Amino acid sequence: PGAEELLGQQSARSVGLLAGHEDGRTDESAGVVFENEDLNSEIRPRMDGSVLGKRAALLAAALLVAAALVATYQQASPATSAHSTESHPWGDAVGLRESHEQAQEKKEGHTKGPLLDAINIGWKVYVKSQTGHRRICTVLERDGSRMKVHYDSFPDAFNEWMPLDSTRIIGLAKTTTLSTSSTLTTTTTSLTTTTTSQTTTSSTSTTTPRRYVSLFCFTMARADSQNNTEITLMRLYLEKRVGIYDCDEQIVYSDQVAWLSAGPTYLKGQSSSQILIETHKVDANLSDALIGGEEGARKAAWLNAGDYVKCWKQVVMDGRYRWHDWTVKVDPDTVFFPGRLRAHLMNLPSIGTSSVFLRTCKTTPKKCTNVVTISRSYGDPWIIKVIAASTDTYAVAASCDSTTMRGANCKKQGWGDGVHVVVNQLNQRISEGNCCQEVNEVKSVTHECVQEQSDSQEPGLSGALEVISKESVTAYSQNGHRCTADDSLSLGEEYFMQECLKLLGAEGVPGEHLLADTWCGGLPGDCRGPEVAFHPFKAPGEAVACMSHAFEEFTVPELHADLLRVSHADG
C-alpha cells in the first residue's frame with residue numbers, strides 16, 4: 001500500500017529536518033514559530049539567510065526526486081500496466097491489484113478486469129486469508145461473480161466462497177510449463193539426387209502446486225497387555241510419532257480406558273496444557289475373546305463386525321473425521337506410513353465430492369481354519385491346522401530343509417537330507433513334515449469357516465488398511481442403519497463395511513498395490529517396498545525392524561503434515 005504515502009511521509013520528514021527539527025516534525029505556521037520560547041531562541045538564530053537558502057535548495061531537490069520516484073512507481077504499477085509479470089515473493093504471479101480508476105468504478109457499481117473473469121476451476125490463486133495470512137488456494141468452483149477456493153495445506157472445512165473482485169485476492173499463481181522438442185533428420189539418396197528432411201516434435205508438460213490431503217486415522221486395540229501386544233504397539237507408535245501418530249488427527253479405541261503416553265504430555269502448540277493420552281472406550285467384547293482359549297479368541301476376532309459397528313458409531317459421534325479429506329482405519333499390528341498414503345492420494349484423479357473407498361486387498365477372502373492332511377510312509381497321517389483364507393492351497397516343497405533344528409537332526413541321524421516343508425501358493429512356509437527319508441504328500445484340505453460371507457477373487461477392502469473418503473463416512477453416518485441386520489454379526493468387519501459402502505453408493509477405486517498383507521494375496525517380507533502399509537507385525541521388535549527397512553527406501557515419496565504446512569505457510 002501506497003508508495004505515494006510513504007514518499008510523502010519522507011518528504012514531510014525532510015521538511016522538518018531542513019527546518020531544524022531533530023525529530024523531523026513539521027510546523028503548521030509558515031513562519032516556523034514554536035510555542036516553546038526556548039526553542040525559538042535556540043533555533044531561530046541558526047536559521048539565517050544563507051542557511052535557509054541552502055536548505056531551501058536542498059528541499060527543492062528532495063521534492064523533485066520524490067516526484068520522480070512517484071512517477072516511476074506509477075509507470076511500473078500493475079494497476080497501469082496490462083499484466084505485470086514481475087517476480088512475486090511467493091512465486092510467479094499475475095497482479096490483480098486495482099488502479100484508482102478501477103476502485104472508483106467498483107465503488108460506483110462497475111467492475112472491469114478480464115483477468116478476474118478468466119479465473120477457472122483448478123487454477124491456483126494467492127489469497128489473503130481471513131486471519132490475514134497469504135495462502136495458496138485452489139479454485140474449486142465458479143458461480144457467476146464468485147468462486148469457491150480450497151486453502152492448500154488445510155482441510156476442506158476451511159473452503160470458502162469469495163467474490164471475484166475481492167480485495168483479498170492477491171494474484172494468480174502461474175503453473176510451471178516445461179516445453180521440450182526433438183528433431184529427426186532423414187536423408188534419402190537416389191541415383192540422381194539426395195533429399196534431406198527434418199521433422200520436429202514438441203511436447204509440453206504442465207505442473208501446478210500440489211493440494212494437501214489431510215488424514216483422520218483410528219484403530220481399535222485390546223487393552224489387556226498381558227495376553228497380546230496390541231496396546232504395546234500403540235504405545236510404541238506414540239512414543240516414536242509414527243503410524244497413526246503421523247496422521248493429522250488420530251484416536252485409539254479399546255474395550256477399556258488404558259494409558260498410551262507414559263505420563264502427562266504437551267499439546268502441540270500449547271506448551272502450558274498437559275494431557276494424559278489414553279484410549280477411548282468402546283462397548284466391545286475384545287477381552288471376552290479369550291473365553292474358549294485360542295480358538296475362541298480367533299473366532300471372536302473374525303466375527304467382529306458387531307464390535308466395529310460400535311466403534312464406527314464412536315467415530316461418527318466424535319465428528320473429527322469431517323475436518324479431514326480421508327478416514328483411515330488400520331489394525332494395531334499394521335505398520336503404516338501416512339506420508340506415503342498422502343503422496344498417493346494427492347496423485348489420484350480429482351474425485352471432487354465423490355463417495356469412494358480404496359480396494360486395498362488383492363482379493364476378498366474369507367478367513368478360515370484350514371485342516372491340511374499330510375500322508376506318511378510310516379504311521380498315521382499328520383494333521384496341520386492353518387489360519388488362512390479359504391482359497392489358499394498347499395503342497396510339500398520339492399527340496400528338504402536342513403537349516404532348522406529338526407532338519408539338522410534328521411540329517412545327523414541319517415534320515416534324509418533334512419525335513420520336508422509344507423508351503424502355500426505363495427511359497428510361504430506353513431509347517432514342517434517328517435524327515436526326508438519318508439515320503440510326505442498333501443492328501444486333502446478341509447475348511448472350518450465361521451464367517452458367513454462370500455469369497456471373491458476381486459479386489460476388496462482390507463481390515464489392515466481401510467481408506468475411506470469423508471463423503472463415504474458421512475453417507476454411512478446418515479444411512480448405515482440400512483446395513484445392520486441379524487446376519488451381519490457373522491461377518492468380518494472389513495467385509496461388512498465394504499458391502500455397506502457399496503449399498504450406500506460408494507465406489508471402490510484401485511488401491512491393492514498399497515498394502516503388503518498375508519491375508520490379501522501378498523507377503524509383507526522385510527518391508528523393503530513402496531507400499532504404504534505392511535501386515536501383520538505383532539511383535540514390537542519386528543514392527544521396528546519393518547519401519548527401519550522401509551525408511552531405507554529413499555525413492556518412495558512421503559509427504560508429511562508438518563513439512564507441508566511449513567512450505568505453504570504465508571505462501
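Rules and cut-offs
- Residues numbered from 1 in each chain as written.
- Predicted model: local features only at pLDDT ≥ 70, side-chain atom pairs only at ≥ 80, totals over all residues.
- Heavy atoms only, no water.
- Helix = DSSP H or I, 4+ residues; strand = E, 2+ residues; numbered from the N terminus.
- Buried < 20%, exposed > 50% of the residue type's maximum accessible area, 1.4 Å probe, protein only.
- Contact = heavy atoms within 4.5 Å.
- Areas by Shrake-Rupley, 256 points an atom, 1.4 Å probe, with all protein chains shown as cover.
- Salt bridge = Lys/Arg side-chain N within 4 Å of Asp/Glu carboxyl O.
- Core = buried A, V, L, I, M, F, W, Y, C linked by side-chain atoms within 4.5 Å.
- Axes fitted to C-alpha atoms, helices over the stretch in contact; angles between N-to-C directions.
- Parallel < 35°, antiparallel > 145°, perpendicular 65-115°, else oblique.
- Left-handed = near helix turned anticlockwise from the far one by under 90°.
- Nonpolar A, V, L, I, M, F, W, Y, C, P; charged D, E, K, R; others polar.
- 1 Å grid on protein atoms, 1.4 Å probe; cavity = no way out; pocket = protein on both sides within 12 Å on 5 of 7 lines; lining within 4 Å.
- Points joined across faces, edges and corners; volume = space filled by probe spheres on them.
- Phe/Tyr/Trp six-rings, centres within 6.5 Å; stacked < 30°, edge-to-face > 60°.
- Lys NZ or Arg CZ within 6 Å of the ring centre and 35° of its normal.
- Polar contact = N/O pair within 3.5 Å; in protein donor to acceptor, adjacent residues only side chain to side chain.
- Pairing = 2+ DSSP bridges.
- pLDDT = per-residue confidence, 0-100.

Caption draft 1: Representation of the overall build of the chain within the structure. Across its full length, the chain carries 14 helices and 27 strands. Counting every position in the chain, which comprises 571 residues, the buried fraction comes to 41%. Of the contacts formed within the chain by residues at least 6 apart in sequence, a portion of 63% connects residues at least 24 apart. Total accessible area on the chain is roughly 30900 Å²; 52% of this is exposed by carbon and sulfur atoms.

Caption draft 2: Fine view of the pattern of salt bridges. Tallied over the entire structure, the rule returns 19 salt bridges. For K443, the salt bridge goes to E441, with nearest N and O atoms at 3.6 Å. Relative accessible area serves as the criterion here: at 57%, K443 is assigned to the exposed category. On the basis of relative accessibility, which here comes to 41%, the residue E441 falls in the partly exposed class. A single network of salt bridges, built from pairs that share partners, joins K329, D331, E466 and E493.

Caption draft 3: Layout of the nonpolar core. Counting 48 residues, the largest nonpolar core has L215, Y237, I244, V328, F336, L341 and L465 as the members making the most contacts within it. Here the element with the most residues in this core is helix α6 (residues 230-240); it accounts for six residues. In this view, L465 contacts V328, K329, V330, F336, T360, L514, L515, V532 and A533; residues no more than four positions away in its chain are not counted. Counting 28 residues, the second-largest nonpolar core is a separate cluster that includes F218, A284, L461 and A506.

Caption draft 4: Inspection of the packing of helix α8 (residues 305-318) against helix α12 (residues 493-503) at higher detail. One way to put it is that α8 packs onto α12 with a least axis distance of 8 Å and a crossing angle of 60 degrees. When the interaxial angle is binned, α8 and α12 end up oblique. Where α8 crosses over α12, the two elements pack in a sense that is right-handed. The segment α8 lies against α12, with A305, Y308, V309 and W312 engaging E493, F496 and M497. Per-class residue counts for the contact of α8 with α12 are six nonpolar, no polar and one charged.

Caption draft 5: Region of interest: helix α11 (residues 470-479). Of the positions making up α11, those classed as buried are K470, S472, V473, A475 and Y476. Its buried side turned inward, α11 meets α8, β15 (326-330), β17 (356-359), β24 (465-469) and α12.

Caption draft 6: A look at empty space enclosed by the protein. What the rule picks out here adds up to three cavities of 30 Å³ or more. Taken as a whole, the largest cavity spans an internal volume of roughly 150 Å³. Along the walls of the largest cavity sit 18 residues, with K367, L461, S462, G463 and E494 positioned nearest its centre. Of the residues assigned to the lining of the largest cavity, the class counts are seven nonpolar, seven polar and four charged.

Caption draft 7: Broad picture of the environment of S354. Note that S354 resides in the loop between α9 (338-346) and β17. Residue classification places S354 among the partly exposed residues on the basis of a relative accessible area of 31%. When the C-alpha positions of S354 and E471 are compared, they lie 6.5 Å apart, and in sequence the two are 117 residues distant. Among all residues touching S354, those that are not within four sequence positions of it are S469 and E471.

Caption draft 8: Structural detail: the packing of aromatic side chains. Applying the stated criterion to the full structure yields six aromatic pairs. Judged by centre distance (6.4 Å) and plane angle (55 degrees), the rings of F158 and W323 are tilted. You can see F158 sitting in the loop between β5 (146-151) and β6 (160-163) and its partner W323 sitting in the loop between α8 and β15, a full 165 residues away along the chain. Residue classification places F158 among the partly exposed positions, given a relative accessible area of 44%. The exposure class assigned to W323 is partly exposed, which follows from its relative accessible area of 43%. Judged by centre distance (5.0 Å) and plane angle (85 degrees), the ring pair of F218 and W312 falls under edge-to-face. Of this pair, F218 sits in strand β10 (residues 215-220) while W312 sits in helix α8, placing them 94 residues apart in sequence. Cluster of aromatic residues (ring-pair linked, three or more members): F218, Y253, W312 and Y476. Between the NZ or CZ atom of R235 and the centre of the ring of W259, over which it lies, the distance is 3.6 Å.

Caption draft 9: Region of the structure containing the environment of R241. Relative to the elements of secondary structure, R241 occurs in the loop between α6 and β11 (249-254). Separated by 2.3 Å, the side chain of R241 and the backbone oxygen of L238 make a polar contact.

Caption draft 10: Molecular detail of the pairing of strand β22 (residues 429-435). One ladder, built from four bridges, connects strand β21 (residues 419-424) with β22; its direction is antiparallel. In the strand pairing of β22, V423 is matched with R429. Taking the residues between adjacent antiparallel strands as the criterion, β21 and β22 are bridged by four residues, where N427 takes a positive phi near 65 degrees.

Caption draft 11: Summary view of the confidence of the model for the chain. In the predicted model, the chain carries a mean pLDDT of 74, and the fraction of residues at 70 or more is 63%. Here strand β1 (residues 87-88) stands out as the element of the chain with the lowest mean pLDDT, 34, in contrast to strand β16 (residues 335-336), whose mean of 98 is the highest. In this model, residues 288-292 is a region of pLDDT below 50 whose contacts with residues beyond four sequence positions or in other chains number eight contacts. Taken as a whole, residues 564-571 scores under 50 in pLDDT and shows 20 contacts with residues more than four places along the chain or in a different chain.

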